[in-house]
Amino acid sequence: MKSLLTTLCYIEKDDSYLMLHRVKKQNDINKDKWIGVGGHFENAESPDECLLREVKEETGLILNSYKFCGIVTFVSKEDGKEDIFEYMCLYTSDDFSGELIECDEGQLEWVKKSELKNLNFWEGDYIFLDLIEKNVPFFSLKLIYNNGKLTETSLNGAPYEG
């Protein structure tokens, strides 16, 4: 069993989110997917420290304030491979400064919220984006994937019906 700790942030401006199209890294589990910005914790980092560092490294932006929206637990099961468990701290921000830089993990692009459903996302990402848009109070979402397909979801410990 492999366990990961990560952060993810949806930075908002003019009814758009700053999205990262993951097209540059080799052997990337997110290859060709669109995601928010964030990444893996470094040794002894808090979730907030990881968030601020990752956003700065990937975008060049400095978050002046942000909202911790929830915890997303991913379980990834693939035939013949070790299960992976990821605990992701999910944030949003609409208060930032600085200028965008080129990201070495993919292409950064401001995408209108109304156009998000046209992008290649992980299926579960639509669920937590919907929870963010509905201003659901701090939540715990669990997403179980089998061979890349979302097979089970729960919200705050109960089956999620959508």
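Read on for an overview of the structure.

Thresholds, definitions, all that
Residues numbered from 1 in each chain as written. Predicted model: local features only at pLDDT ≥ 70, side-chain atom pairs only at ≥ 80, totals over all residues. Heavy atoms only, no water. Helix = DSSP H or I, 4+ residues; strand = E, 2+ residues; numbered from the N terminus. Rg over C-alpha atoms; globule rule 2.2 N^0.38 Å. Buried < 20%, exposed > 50% of the residue type's maximum accessible area, 1.4 Å probe, protein only. Salt bridge = Lys/Arg side-chain N within 4 Å of Asp/Glu carboxyl O. Core = buried A, V, L, I, M, F, W, Y, C linked by side-chain atoms within 4.5 Å. Contact = heavy atoms within 4.5 Å. Pairing = 2+ DSSP bridges. Disulfide = S-S within 2.5 Å.

Details of the overall build of the protein
A tally of helices and strands in the protein yields two helices and ten strands. Relative to the 2.2 N^0.38 estimate, which gives 15 Å for 162 residues, the radius of gyration of the protein is 15 Å and therefore close to what a compact globule would have. Viewed in the frame of its principal axes, the protein has a C-alpha envelope of about 45 × 35 × 35 Å. Relative to its full complement of 162 residues, the protein shows a buried share of 47%.

Brief notes about the pattern of salt bridges
By the definition in use, this model includes ten salt bridges. For the salt bridge of Glu-133 with Lys-113, the shortest nitrogen-to-oxygen distance reads 3.1 Å. Of this pair, Glu-133 sits in helix H2 (residues 123-133) while Lys-113 sits in the loop between strand E7 (107-112) and H2; the two residues are 20 residues apart in sequence, bridging distant segments of the chain. The partly exposed category is assigned to Glu-133, whose relative accessible area is 40%. Judged by its relative accessible area of 17%, Lys-113 is buried. Salt bridges here are not isolated pairs; linked through shared partners, they connect Glu-42, Glu-45, Arg-53, Glu-54 and Glu-57.

Some words on the nonpolar core
Ranked by size, the top nonpolar core spans 27 residues in total, and within it Tyr-10, Leu-90, Phe-128, Leu-141 and Leu-143 carry the most contacts. When contributions to this core are tallied by element, the ones reaching two or more residues are strand E1 (2-13), strand E2 (16-21), strand E5 (62-77), strand E6 (84-97), H2, strand E8 (139-146) and strand E9 (149-155). Of all the elements, H2 adds the most residues to this core, at five residues. Setting aside residues no more than four positions away along its own chain, Leu-141 makes contact with Ile-71, Val-72, Thr-73, Ile-127, Phe-128, Leu-131, Ser-154 and Leu-155. Membership of the second largest hydrophobic core comes to 16 residues, among which are Ile-11, Val-55, Leu-63 and Tyr-91.

So, the side chain of Thr-6
Relative to the assigned elements, Thr-6 resides in strand E1. Dropping the residues within four chain positions of it, Thr-6 is found in contact with Gly-39, His-40, Phe-41, Glu-86, Tyr-87, Met-88 and Cys-89.

Things to note about the pairing of E6
Of the strand pairs in this sheet, E5 and E6 are connected by twelve bridges, and their pairing is antiparallel. Its bridge partner lying in E6, Phe-68 is registered against Tyr-91. The antiparallel pairing of E5 with E6 creates a hairpin that spans six residues between the two strands, and Gly-80 there sits at a positive phi of about 80°.

Some words on H2
Along H2, the positions that sit buried rather than exposed are Gly-124, Asp-125, Ile-127, Phe-128, Leu-129, Leu-131 and Ile-132. Residue Asn-135 follows H2 closely and has a positive phi angle near 55°.

A look at the state of the cysteines
With the rule as written, the count across this model stands at zero disulfides. Between Cys-50, a cysteine without a disulfide, and Cys-89, which holds the nearest cysteine sulfur, the sulfur-to-sulfur distance is 7.9 Å. The class for Cys-50 is buried, based on a relative accessible area of 0%.

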